[in-house]
Amino acid sequence: MLRLFLFLFLLLLSWPPVSGDAGATRLDVGGPPSKIAVIGAGIGGTATAHFLRQHFGPEVQVDVFEKGEVGGRLATVTVNHHDYESGGSIIHSLNLHMQDFVKQLGLKYRRSVAGKTAVFNGEEVILEETDWYLLDLFRLWWRYGISFIRLQMWVEEIMEKFMRIYKYQAHGYAFSSVEELLGSLGGSGFINMTRRPLSDSLLELGVSQHFIDEVIAPIMRVNYGQNVSIPAFVGAVSLAGAQTNLWAVEGGNKLVCSGLLKLANANLLQAQVTTVSPVYSGEIVQYQLSFNTATGSGSELYDIVVLATPLQTSVASGVKFQGFSSPFDTLPGEYHRTVATVVHGYLNTSFFGFPDPRLFPFASVLTTDTPDLFFNSAASVCPVNISAGFRRKQPQEAGIYKVFSPQPLDKAQLKTLFRSYYSVQVTEWQAYPQYASGQGLPPVELHSNLYYLNGIEWAGSAMEMSSVAAKNIALLAYHRWNRQTDMVDQKDLMHRIKTEL
Ligand SMILES: Cc1cc2nc3c(=O)[nH]c(=O)nc-3n(C[C@H](O)[C@H](O)[C@H](O)COP(=O)(O)OP(=O)(O)OC[C@H]3O[C@@H](n4cnc5c(N)ncnc54)[C@H](O)[C@@H]3O)c2cc1C
């Protein structure tokens with residue numbers, strides 16, 4: 001812990017201001033691009049628009065295409081005049097891009113409202129948080145030995161290495177692939193972590209199977225709807241997301257996306273891009289984007305295009321590539337379906353072994369990987385706007401709960417979890433990749449000036465991962481455009497940066 005603080009302190013001391021980025025200080029080789037398109041206005045696309053503006057300057061036209069809502073997988077549902085996050089909801093305190101966006105946009109951190117967590121195995125609660133931190137630590141030690149200390153140290157070491165990215169990016173360095181990016185942060189160890197199962201890495205570390213089954217598996221289920229055979233790298237991202245130092249944006253996380261679009265002075269086009277095809281004139285390549293709007297169809301030429309939406313083989317984003325070999329050939333797989341059901345009602349605490357709801361002390365219930373258990377988690381949730389007098393509803397009162405499950409809940413399942421309810425709102429997400437070990441990572445560069453952001457999700461899917469990829473693509477596009485090869489895929493960056501200072 002001390003090491004981490006020291007590292008952060010040093011990082012802050014050497015943090016160059018955003019305006020000091022390499023893009024702004026280097027000489028342009030040719031003319032600047034005149035038009036750039038970003039496809040998708042989720043956090044990845046809007047952050048890309050913002051960083052592109054920073055690097056390419058005020059003159060370039062930045063168009064962002066969005067077929068649905070700005071925010072993408074950052075979205076809310078309204079219950080009883082209050083909004084609740086239905087997609088990406090929590091942000092780690094060390095997610096520096098997200099922090100920086102919130103600061104630049106003048107947004108606020110949402111106040112966190114304490115609540116205890118339990119783990120349920122389908123029959124009974126097997127692990128419960130108490131009001132006493134030391135008692136919780138003692139119980140963990142009693143039940144699992146030192147597994148949790150080993151785990152904590154492992155996650156911290158990975159985060160410490162991952163945080164090098166902020167320094168590299170602040171100095172203007174870019175990477176042409178997700179493998180290059182991860183390799184620069186954690187060497188072959190990080191790349192291997194995208195290929196081997198989490199459970200193997202943890203067992204090798206000395207974490208017990210008992211701890212994996214009762215603590216790690218529930219965390220993977222709530223964060224990624226999957227089990228401990230997901231790759232170790234995304235497993236570590238998920239474990240970082242289970243720490244206590246988490247936050248969210250007051251008013252809803254999607255406000256970051258609309259704010260970034262404004263900050264970037266980007267044009268939002270409500271349109272679904274259908275085709276991207278290269279158009280050559282001599283040595284120059286541009287990209288023709290065809291798109292459909294509510295009123296008709298159109299097409300435009302762009303110098304640079306960033307695709308900031310997941311590509312999948314079956315449920316494609318609707319984008320087709322013409323005139324060059326399709327990147328679909330190299331996609332590792334499909335996205336995982338997670339259903340978010342927001343229920344306004346009375347939790348059936350008897351189902352968890354607490355017939356008297358007044359004695360049910362938990363705000364969140366995670367679940368073990370038990371066959372036939374139809375949900376991954378159920379939690380009492382707070383609205384995106386928290387007033388000063390807000391308090392969590394007690395289990396004997398009607399409250400707002402969010403249930404994550406692999407399938408939509410049927411009536412019987414709803415009746416199992418809730419004594420009665422007033423309303424049910426269902427959002428079916430193609431939420432994050434369906435992870436398996438040995439999948440490989442999709443390319444970032446699809447063509448000369450055509451980039452793909454969401455390949456990073458196959459290493460780990462989170463708002464900050466999309467933001468890191470956004471900064472990387474803006475830098476990469478800038479360096480490629482200006483033929484600055486010495487700023488791409490450089491080795492031994494820690495050493496280089498030290499000697500640059
Ligand atoms: C239920 C759930 C819970 C999650 N929890 C967390 C969490 O707690 N913390 C966290 O950090 N992350 C979480 N995540 C992951 C996080 O939400 C995503 O990693 C992140 O939002 C991805 O952003 P993106 O911009 O890369 O993609 P998206 O948000 O998917 O944005 C892509 C956009 O492109 C648009 N689009 C698609 N095709 C086209 C087209 N042809 N033309 C024009 N537009 C198009 C889409 O409409 C969409 O708006 C969660 C995700 C889900 C679903």
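Residues numbered from 1 in each chain as written. Predicted model: local features only at pLDDT ≥ 70, side-chain atom pairs only at ≥ 80, totals over all residues. Heavy atoms only, no water.

**Focus on the site of the ligand**
Next, step 1: The immediate surroundings of the ligand are formed by 36 residues, with Gly44, Glu66, Arg73, Ile90 and Asn454 found nearest.
Next, step 2: In the model, an oxygen atom of the ligand is placed 2.9 Å from a nitrogen or oxygen of the Asn454 side chain.
Next, step 3: Between an oxygen atom of the ligand and a main-chain N or O atom of Ala462, the distance comes to 3.4 Å.
Next, step 4: Considering the ligand on its own, with 1,000 Å² of exposed area, one finds that the protein chains cover 92% of that surface. (Near = heavy atom within 4 Å. Polar contact = N/O pair within 3.5 Å; in protein donor to acceptor, adjacent residues only side chain to side chain. Areas by Shrake-Rupley, 256 points an atom, 1.4 Å probe, with all protein chains shown as cover.)

**Digging into the sheet that holds strand 10 (residues 272–281)**
Next, step 1: Ordered by their spatial adjacency, 4 strands build an open sheet running 12-11-10-14, and the pairing between neighbours is mixed. The open sheet has two edge strands, strand 12 (297–302) and strand 14 (320–321), and neither has a second partner.
Next, step 2: Here strand 11 (residues 284–292) pairs with strand 12 via 6 bridges, running antiparallel. If you follow Leu289 over to strand 12, its bridge partner there is Glu300. (Pairing = 2+ DSSP bridges. Helix = DSSP H or I, 4+ residues; strand = E, 2+ residues; numbered from the N terminus.)

**Concerning the domain arrangement of the protein**
Next, step 1: Under the domain assignment used here, the protein contains domain 1 (2–66 + 253–333 + 442–500) and domain 2 (76–169 + 210–250 + 334–433).
Next, step 2: For domain 1 versus domain 2, the distance between C-alpha centres works out to 31 Å.
Next, step 3: In this complex, domain 1 contributes 43 residues to the contact, which on the side of domain 2 involves 40 residues.
Next, step 4: Between domain 1 and domain 2, roughly 3,800 Å² of surface is buried when both sides are summed, and carbon and sulfur atoms account for 68% of that area.
Next, step 5: Inspection of the domain 1/domain 2 interface yields 0 salt bridges.
Next, step 6: Counting the contacts that link domain 1 with domain 2 gives 13 residue pairs in polar contact (both at pLDDT 80 or more). (Domains from an automatic or database assignment. Contact = heavy atoms within 4.5 Å. Buried area = accessible area lost by both parts, 1.4 Å probe. Salt bridge = Lys/Arg side-chain N within 4 Å of Asp/Glu carboxyl O.)

**Describing unusual backbone geometry**
Next, step 1: At His81, a position not held by glycine, the phi torsion is positive, near 70 degrees.
Next, step 2: Mapped onto the fold, His81 is located in the loop between strand 3 (76–79) and strand 4 (82–85).
Next, step 3: For Asp489, which is not glycine, the phi torsion reads 55 degrees and is therefore positive.

**Remarks on the packing of helix 4 (residues 96–104) against helix 12 (residues 255–263)**
Next, step 1: Viewed as axis vectors pointing N to C, helix 4 and helix 12 meet at an angle of 65 degrees, and their least axial separation amounts to 10 Å. Considering their axes alone, helix 4 and helix 12 lie roughly perpendicular with respect to each other. Seen from above, helix 4 lies across helix 12 with left-handed handedness. Side by side, helix 4 and helix 12 meet where Met98, Phe101, Val102 and Gln104 of the first sit next to Val256, Leu260 and Leu263 of the second. (Axes fitted to C-alpha atoms, helices over the stretch in contact; angles between N-to-C directions. Parallel < 35°, antiparallel > 145°, perpendicular 65-115°, else oblique. Left-handed = near helix turned anticlockwise from the far one by under 90°.)

**What to know about the nonpolar core**
Next, step 1: By size, the foremost hydrophobic cluster in this structure holds 108 residues, and its most contacted members are Ile43, Phe56, Trp154, Leu182 and Ile216.
Next, step 2: The element best represented in this core is helix 14 (residues 463–481), accounting for 12 residues.
Next, step 3: Two domains each provide a minimum of three residues to this core, namely domain 1 (2–66 + 253–333 + 442–500) and domain 2 (76–169 + 210–250 + 334–433).
Next, step 4: With sequence-adjacent residues up to four places away left out, Ile216 is seen in contact with Leu151, Leu198, Leu202, Phe211, Val228 and Leu239.
Next, step 5: Ile39, Phe65, Val319 and Phe324 belong to the second-largest nonpolar core, a separate cluster that totals 21 residues. (Core = buried A, V, L, I, M, F, W, Y, C linked by side-chain atoms within 4.5 Å. Buried < 20%, exposed > 50% of the residue type's maximum accessible area, 1.4 Å probe, protein only.)

**Quick look at the packing of helix 3 (residues 43–56) against helix 4**
Next, step 1: Packing of helix 3 against helix 4 brings their axes to within 13 Å, and their N-to-C directions diverge by 65 degrees. Here helix 4 runs roughly perpendicular to helix 3, going by the angle between their axes. For helix 3 against helix 4, the interelement crossing comes out left-handed. Only His97, Met98, Phe101 and Gln104 of helix 4 make contact with helix 3, whose side of the interface consists of Ile43, Ala47, His50 and Phe51.
Next, step 2: Split by residue class, the contact of helix 3 with helix 4 holds 5 nonpolar, 3 polar and no charged. (Nonpolar A, V, L, I, M, F, W, Y, C, P; charged D, E, K, R; others polar.)

**Things to note about the sheet that holds strand 15 (residues 335–347)**
Next, step 1: Taken together, the 7 strands give an open sheet; going across it, the order is 7-6-16-17-18-15-19, and neighbouring strands pair in mixed fashion. Only two strands of the sheet have a single partner each, and these edge strands are strand 7 (125–128) and strand 19 (418–433). For this sheet the average axis-to-axis angle between neighbouring strands, irrespective of direction, equals 20 degrees.
Next, step 2: Pairing between strand 15 and strand 18 (residues 399–405): 7 bridges, direction antiparallel. Looking across to strand 18, one finds that Gly345 is bridged to Gly399.
Next, step 3: Packing against the sheet, helix 10 (residues 209–224) makes contact with strand 6 (116–120), strand 7, strand 15, strand 16 (362–367), strand 17 (377–380), strand 18 and strand 19, and its axis sits at approximately 100 degrees to strand 16.

**Some words on the pattern of salt bridges**
Next, step 1: Applying the stated criterion across every chain yields a total of 11 salt bridges.
Next, step 2: Its salt-bridge partner being Glu180, residue Lys491 comes within 2.8 Å of it at the nearest N-O pair. Here Lys491, found in the loop between helix 14 and helix 15 (493–500), pairs with Glu180, found in helix 8 (residues 178–193); they are 311 residues apart in sequence, far enough to count as distant.
Next, step 3: Of the charged contacts in the structure, one is a salt bridge between Arg391 and Glu397, with a shortest N-O distance of 3.0 Å.
Next, step 4: Classification of Arg391 by relative accessible area gives partly exposed; the value is 45%.

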